[in-house]
Amino acid sequence: MGMLEAILLTVFTAATPLLIAAMGELVAERSGVLNLGVEGMMIMGAIAGFAFAQMSGNPYIGALGGMAVGALFSLLFAFLALTLVTNQVATGLALTILGLGLSGLWGEAFVGIPGVKLQPVVIPLLSDIPLIGRLFFAQDALFYVSIALVFAVSWFLFKTKAGLTLRSVGDNHHSAHALGINVMRVRYLAVMFGGACAGLAGSHLSLVYTTQWIENMSAGRGWIALALVVFASWRPWRILFGAYLFGAITIMQLHIQALNLGDVEFLPGPIYGILSLLKSIPAQFLSSLPYLATIVVLVLISRNRRLTLINTPAMLGQGFVPDR
Amino acid sequence: MRIEVSRRQMPSRLFAYLSPVIALALTILLGAIVFMALGKDPVQALYSYFIEPLTETWSLHELLIKATPLILIAVGLSVCYLSNNWNIGAEGQFLMGAVAGSAIPVLLPEFQNYLVLPLMLILAMAGGAAYAAIPAFLKSRFNTNEILTSLMLVYVAQLFVDWLVRGPWRNPQGFSFPGTITFNDFALLPEMFPASGRANIGILFALVAAVLVWLMIRRTLKGFEVRVLGQNPRAGRFAGFSSAKMTFFAFLLSGALAGLAGIIEVAGAVQHLNEKLSVGYGFAAIIVVFLGRLNPLGAVVAGLVLALTYLGGEAAQISLQISDKSARVFQGMLLFLVLACDTLINYRIRFIAGQPSASAEGN
C-alpha cells in the first residue's frame, strides 16, 4: 500500500464522523430546529458505542448502542425546545454541557481500556480494482453508511412527499399547521434522526478513529459538523464535499506533525523545502488549523447575505405554539 | 397524557422569581435519585455536596475564589444574551485575557512596583476584549454566525496557551513542567483575610462589575437599547439603534470582563500561567447567566451556587468516593431545568389526560 493511499485512507476515516453528524443535523435544521447539542450527542454516542462494544464484545452492537443513546439523548432537547418552547440556542448548549459531563462520569470506568475495533468490510472483486479498490471498497461499515446517508437524505428531502412535508415545516410552520401537518411530530422525528446520526458518528470515534475512550474525545467535531451544515447551504451533496475537505485538513496537519524530515529527503527540492517549512510550525498551531479553517469557510459562505437568506430554512430556531 | 402549552397574556411575575428556585429544588431532587441509583445515601451525599463546603472557613474562601470568574464572565454574557448576541467563546476570552495580563510579570520580571497590578488588569481586559472583537467583527461585517466562530476561537486559544507555556514563556527553572515563572509579589492580587484563607480581592471586582452593569441595563439609555435590540431588532432599527454597534458593545464588554476574570484567576489563585488554566469557567458561566435570569445581580447569587457545585463535587469525592465529574452532570441538569422552568414565565402549561381531542388534533 502506497503512502498516498495510506494518507487518503486516514482522510476518509476523519471525514466519516463529520459527514454522518452533519447529515443528521441537516435534516433537523431543514425541519426548522436548530440543535446546538451535536457535540453533546456525539460524545454520548462515543461513550455509549465504546461501552456497548465492551459489554457485548461486538462493535456493531456498540455502534447501534451509540445510535440509540444519541437518539434518546436528543429527546431531552426535543422535549424542552419543542414541547416547552424554550430558547433553542440555550437548550442546545445545555445538551452539550450535560453530554460532556455525563459521558465523563460514565466513561471513568473505561479510561485506559483497549477498545473493540470495527473491522473493515472488504467487498470481494470490487476491492481488487487498482488504485480506488482498497480506498472505497475495503472500509469499515460506517463509511458505507455515511455515503448511503448522503444518497438517502437527498432522495428523501427532494424526491419524497414526506421530505417535502419536512421542508415545508421548516420554511413556514404556520402554513404547514394550517394544512393539517403535525408540526410537532415532524420536528420530533427530525431531531431524533439528528440525534441518532450524531450518536453513530460519535461511536465511529471510539470504535474506528481511536479505539479507546478519552474524555472530551469529540474535540469540537460536533461544532464543526454544525458549521458544515451552514457551509453546505443546507444541501446534502455539499456536506459530503465539506466533510472531506475538513477531513483532509485534519489529517494533513497530523501527518505534518508526525513527519520525519529524514524520511522525505528523496523528494525534489521545492517540495522538501515546503515540508520542512511546515514542519517548523509549532504543533499547537497546526492543531488549530481545522478550527481556523472553519472560521474562514464560514466567513466566505456568509459574506453573501442574499444567498444565505435564500437557503436558510425560514423558521430555523423558532419555537412553534399552535393557535387554538 | 399530553402537555398543552399556551402563551400568557402577560409574563408571570410570580414565576419570574420562582422559576430558578424550582429548578434548583428539582436539580437537588434529581441528584438525590442519581445518588440512590449509585448506591449512596442520598441525604449524606447532598449534605457533603451542598452543606459541608459551607461549614469551614477555608472552603468559604475557596467558594469566593471559584465564584469570582463565574460571576465576572456571567455579568458580561448577560448583556450579550439580552441583546441577542450569542457569545459562547468566553472561555477563549478568559484565556487570552490571562495571557495579555501575564505578559508584564513574565516578560518584564524586573519591573516591580505598584503600577504592575493595575497595568496587568487593564491589559487583560484589553486582551479579552480584542479576542472577543473577532467574532463581533465577523458577525457585523460578514454576517457570520457568532456562535460557531466564538466557539472555534476557544480551541485556538487553548492551543495558543499550551504553546506559550511549553515554548517561549516556559520557566527555565521549572523542571520541564509546562508553565511560566511564579509572579513577583507586585503582580499578585492581595488576599482579603490572609489569616484565614486565600480569597483575594478579585471578588470585589466581580461585585462592582455586577452592580455597574445592572445599573447600566436598568437606568441608562444604553441598557434600554440592549433590551430593545434583543427583543425586537426591527423596532430597534426604527428607534435608530444600530445592531452592528450593539454587537461590538456586547462582545467587547463581555470579552473585557472575561479577560479580567482570566487575570484574576492567574494572579490570584494560581500565581503563574500554566496549561491547566482552562477548566471550563467560560462554559459554566453560561449556566450562571440563565440561573441568574440574565440579570447581573442574579448572576452573583447564581455564581455562588455554581461555585458550590464545584466544591461539593470535590467534597463528595473525598467523603463518598463519588467522582468529582458528577459536578458537571449537576451543572448540566441545572441548566436544563432552569430553561424548562422559565417556560412557566411566558406560557401556561396544562397536563391533559387521555387522547387528544379532535379540535386540538395536530399539537
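One can find the structure itself at the top, above this paragraph.
A brief report on the enclosed structure follows. Because the structure is a prediction, the values reported are computed rather than measured. (Residues numbered from 1 in each chain as written. Chains lettered and ligands numbered in written order. Predicted model: local features only at pLDDT ≥ 70, side-chain atom pairs only at ≥ 80, totals over all residues. Heavy atoms only, no water.)

### A word on the overall build of chain A
Along chain A, the regular secondary structure elements total 15 helices and two strands. With the principal axes as the frame, chain A shows a C-alpha extent of 75 × 50 × 40 Å. Relative to its 324 residues, chain A shows a buried fraction of 55%. Relative to all contacts within chain A whose residues are 6 or more apart in sequence, the contacts with residues 24 or more apart total 76%. For chain A, the accessible surface area stands at approximately 13300 Å², while carbon and sulfur atoms represent 71% of it. If you average the places of the 16 positive and of the 12 negative side-chain charges in chain A, the two averages end up 15 Å apart. (Helix = DSSP H or I, 4+ residues; strand = E, 2+ residues; numbered from the N terminus. Buried < 20%, exposed > 50% of the residue type's maximum accessible area, 1.4 Å probe, protein only. Contact = heavy atoms within 4.5 Å. Areas by Shrake-Rupley, 256 points an atom, 1.4 Å probe, with all protein chains shown as cover. Lys, Arg positive; Asp, Glu negative; His and termini not counted. Charge placed at Lys NZ, Arg CZ, Asp CG, Glu CD.)

### Observations regarding the pattern of salt bridges
Tallying each qualifying case throughout the model produces 10 salt bridges over all chains. A salt bridge links Glu 108 of chain A to Lys 325 of chain B, with the shortest nitrogen-to-oxygen separation between them at 3.2 Å. Residue Glu 108 of chain A is located in the loop between α4 (88–107) and β1 (120–122), and its partner Lys 325 of chain B is located in the loop between α12 (296–320) and α13 (326–346); the two belong to separate chains. Relative accessible area serves as the criterion here: at 36%, Glu 108 of chain A is assigned to the partly exposed category. Across the pair Lys 276 of chain B and Glu 275 of chain B runs a salt bridge whose closest N-O atoms are separated by 3.3 Å. Residues participating in the shared-partner salt-bridge network are Glu 108 and Glu 215 of chain A together with Lys 325 and Arg 328 of chain B. (Salt bridge = Lys/Arg side-chain N within 4 Å of Asp/Glu carboxyl O.)

### What to know about the interface of chain A and chain B
Taken together, the contact pairs 54 residues of chain A with 45 residues of chain B. Across the contact surface, chain A and chain B share three salt bridges. Between Glu 215 of chain A and Lys 325 of chain B there is a salt bridge, with the nearest N and O atoms lying 3.8 Å from each other. Here chain A and chain B share eight residue pairs in polar contact (both at pLDDT 80 or more) between them. Breaking the side of chain A that touches chain B down by element, the ones donating at least two residues are α3 (59–83), α4, α10 (221–231), α13 (283–287) and α14 (289–302) of chain A. Of the residues forming the side of chain A that touches chain B, the biggest block, 13 residues, is contributed by α4 of chain A. Among the residues forming the side of chain A that touches chain B, the class breakdown is 33 nonpolar, 15 polar and six charged. (Polar contact = N/O pair within 3.5 Å; in protein donor to acceptor, adjacent residues only side chain to side chain. Nonpolar A, V, L, I, M, F, W, Y, C, P; charged D, E, K, R; others polar.)

### A word on a nonpolar patch on the surface
Together, Leu 126, Ile 129, Leu 131, Ile 132 and Phe 136 of chain A give the surface a local cluster of nonpolar side chains, amounting to about 460 Å² of exposed area. In this fold, Phe 136 of chain A is placed in helix α5 (residues 133–137). (Patch = residues over 30% accessible without salt bridge, like charges linked within 9 Å, V, L, I, M, F, W, Y side chains within 5 Å.)

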